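Close look at the chain arrangement
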Amino acid sequence: MSVSLVILAAGMGTRMNSDLPKVLHQIGGSPMLHHAMQAGRALDPDRTVVVAGYGAKAVTKAALAFDEDALVVVQAEQLGTAHAVAQAAPLLADAAGDVIVLYGDTPLVRAETLEAMQAARARHAVVVLGFHAADPGRYGRLITNGESLHKIVEYKDASAEERAVTLCNSGVVCVDARLLFSLVAEVGNANAAGEYYLTDIPELARKRGLSAGVVICPEAETLGINTRAQLAQAEAAFQARARAEALDNGVTLTAPDTVFFALDTVVGRDAIIGPNVIFGPGVTIESGAEIKGFCHLEGCHVSRGASVGPFARLRPGAELAEDVHVGNFVEIKNAILDEGVKVGHLSYIGDADVGEQTNIGAGTVTCNYDGVMKHRTRIGKNVFIGSDTMLVAPVTVGDGALTASGSVITQDVPAEAIAVARARQINKPGLATRLFEKLRAIKAAKPKGQ
Ligand code: UD1
Ligand code: CA
């Protein structure tokens, strides 16, 4: 059964109290819009239409960043959710099969739930996703009889009796494409908000002698984000889910509640993640790698058998091959570390290539930035970079070479050479004792307190 998606994302989100369009506020390091798109992607949709409005330029960019084939339509005035859906009609005029409407501000819906809605379409012309709310607040209320849906009443329009209903509307609906647009065209705005409510369509369908039904999912999936407090709640719910999934997938989390995942984090089986590890977007950790406590990782790839941290930072473009070791207080950015490389302590390796089995001594820095441009450092295999070496890029160190600790390397080092680039040491016998005596005498001669 083919399906297309319409994702509503035009609203400003007044209650967020923000300049940023609501759907671009992040959960798990990605705009909430991406979460809705990801849930829908699992259905392999023919077309995905995002309805943008407030901040349309930024919303369009975000939509295309997630899915370059997404279609974006702009709803110039936000006249309500049915009006928003109607904007997608021209783009889906010839669409076969069903349309699933998702709200960009409802990011936690799971793919399995959308599949259950598709299945329920065999029984109902219009399928609405509902949930039992612990605190129904301002959600629309579903007036039902068993699985059959009589109508949806918006909070503002609901009677006291209807407000007492705790079965609420998530906003997600699944309807045949042609029927959806014909129903939406019929929606009026004679209600408390003066808006075109998508929630009118079950009743309009019933008036045509068609049936409307409800699929119920856990409340955790349908949290609608309207405030910063709800954004924080959604973040917590997303993290709880990501942690549970990682554990299920055979990942060891020593202290799960302290590990933060991104929407696209991939962690292989038998990886070990210590406490207080933060994953930004774009991280892949292969099977059996270990990330010790207090690491920040973003846009990086850690291969099998590698170990990172504690207290390490991997930034975008950090590529760690098998059995690489990155230790404490080390930052790696846009650098490829081949098999078996060791960067144990207190180093910055940025814009660099490091060959296999090379050892980078403590306190080494690739000086990649000259104040205007970035330059690359190339270090061969089996190299020994002495502690506190400054590698002033662009610079190359050949295979099997060694740099003396404390060196400032500004010229290429040939393979198998030793490079020493520091002042020669001079020892002055007895001078320390004489110097201390002199200083103590000066101190003793001073008035007290100075
Ligand atoms: C909506 C539902 C309500 C449901 C709740 C679930 C309607 C009328 N009400 O209420 O029954 O319980 O969601 O969270 O649908 N949008 C547009 N264009 C518009 C208006 C809205 O794109 O003209 C988008 C918003 O950006 C948002 C989504 O649609 O992503 C929902 O709109 P919102 O105003 O938040 O609806 P609620 O009042 O929360
Ligand atoms: Ca909402």
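Notes on the structure follow. (Residues numbered from 1 in each chain as written. Chains lettered and ligands numbered in written order. Predicted model: local features only at pLDDT ≥ 70, side-chain atom pairs only at ≥ 80, totals over all residues. Heavy atoms only, no water.)

**Points about the packing of aromatic side chains**
Condition: The pairing test for Phe, Tyr and Trp rings, Trp by its six-membered ring, is centres within 6.5 Å, and the orientation test on the planes gives stacked under 30 degrees, edge-to-face over 60, and tilted for anything in between. Each residue is assigned to one of three classes by its accessible area relative to the maximum for its type, calculated with a 1.4 Å probe on protein chains only: buried under 20%, partly exposed between the two thresholds, exposed over 50%. Under the DSSP-based scheme used, a helix requires at least four consecutive residues in state H or I and a strand at least two consecutive residues in state E, with every element numbered from the N terminus. Comment: the charge-over-ring label is applied if NZ (Lys) or CZ (Arg) is within 6 Å of the ring centre and within 35 degrees of the ring normal.
Per the counting criterion, the structure on display carries four aromatic pairs. Taken together, a centroid distance of 5.0 Å and an interplanar angle of 85 degrees make the contact between Phe 131 and Tyr 139 edge-to-face. For the pair Phe 131 and Tyr 139, one class covers both residues: buried. Ring geometry for Phe 311 against Phe 329: centres 5.3 Å apart, planes inclined by 15 degrees, an arrangement best described as stacked. Placement of the pair is Phe 311 in the loop between strand 20 (307-308) and strand 21 (313-314) and Phe 329 in the loop between strand 23 (325-328) and strand 24 (331-337), with a sequence separation of 18 residues. Phe 311 sits in the partly exposed class, given a relative accessible area of 39%. Residue Phe 329 is classed as partly exposed on the basis of its relative accessible area of 48%. Taken together, the ring pairs connect Phe 294, Phe 311 and Phe 329 into an aromatic cluster. Positioned over the ring face of Tyr 155 is Arg 163, at 4.0 Å from the centre of the ring. Just above the ring of Phe 260 sits the side chain of Arg 243; from NZ or CZ to the centre is 5.0 Å.

**Examining a negative patch on the surface**
The condition that has to hold: Only residues whose relative accessible area exceeds 30% and that take part in no salt bridge are eligible for patches, with like-charged residues grouped when within 9 Å of each other and nonpolar side chains (Val, Leu, Ile, Met, Phe, Trp, Tyr) grouped when within 5 Å. For the area figures, the Shrake-Rupley method with a 1.4 Å probe applies, and any residue is considered shielded solely by the protein chains shown. Basic side-chain nitrogens of Lys or Arg form a salt bridge, by our definition, when they fall within 4 Å of a carboxyl oxygen of Asp or Glu. Just so you know, the count uses Lys and Arg for positive and Asp and Glu for negative, and it drops His and the chain ends. Here the site of a charge means atom NZ of a Lys, CZ of an Arg, CG of an Asp or CD of a Glu.
Together, Glu 322, Asp 323, Asp 338, Glu 339, Glu 356, Asp 399 and Glu 416 give the surface a local cluster of negative charge. Relative to the helices and strands, Asp 338 is located in the loop between strand 24 and strand 25 (342-345). What makes Asp 338 partly exposed here is its relative accessible area of 32%.

**Remarks on the nonpolar core**
Stated formally: Nonpolar core, defined: a set of buried Ala, Val, Leu, Ile, Met, Phe, Trp, Tyr and Cys residues in which side-chain atoms within 4.5 Å join the residues together. Source of the domain bounds: an automatic or database domain assignment.
Core analysis: the biggest nonpolar cluster contains 93 residues, and Leu 33, Phe 279, Ile 285, Leu 297, Val 302, Leu 314 and Leu 337 have the highest contact counts within it. Mapped onto the domain boundaries, this core takes at least three residues apiece from domain 1 (3-222) and domain 2 (228-419). By size, the runner-up hydrophobic cluster in this structure holds 37 residues, among which are Val 6, Val 73, Ala 95 and Leu 183.

**Comments concerning the site of ligand 1**
To keep things clear, this is the line we draw: Near, as used in this document, describes a residue that has one of its heavy atoms within 4 Å of the molecule or strand being considered. Here a polar contact is recorded for every N or O atom pair within 3.5 Å, except that within protein the pair must consist of a potential hydrogen donor and a potential acceptor, and residues adjacent in sequence are included only if both atoms are side-chain atoms. As a working rule, the residues Ala, Val, Leu, Ile, Met, Phe, Trp, Tyr, Cys and Pro are called nonpolar, Asp, Glu, Lys and Arg charged, and the rest polar, with Gly in that last group.
Residues in contact with ligand 1 amount to 22 residues; listed here are only the nearest, Gly 11, Gln 75, Thr 81, Glu 154 and Asn 169. Leu 8 is positioned with one of its backbone polar atoms (N or O) 3.1 Å from an oxygen atom of ligand 1. Contacts to ligand 1 include Ala 10, whose backbone N or O atom sits 2.9 Å from an oxygen atom. For ligand 1, whose accessible area on its own is 760 Å², the fraction buried by protein is 87%. Sorting the residues of the shell around ligand 1 by element identifies strand 1 (3-9), helix 3 (81-87) and strand 10 (167-176) as the ones contributing at least two each. A class-by-class count of the residues in the shell around ligand 1 yields eight nonpolar, 11 polar and three charged.

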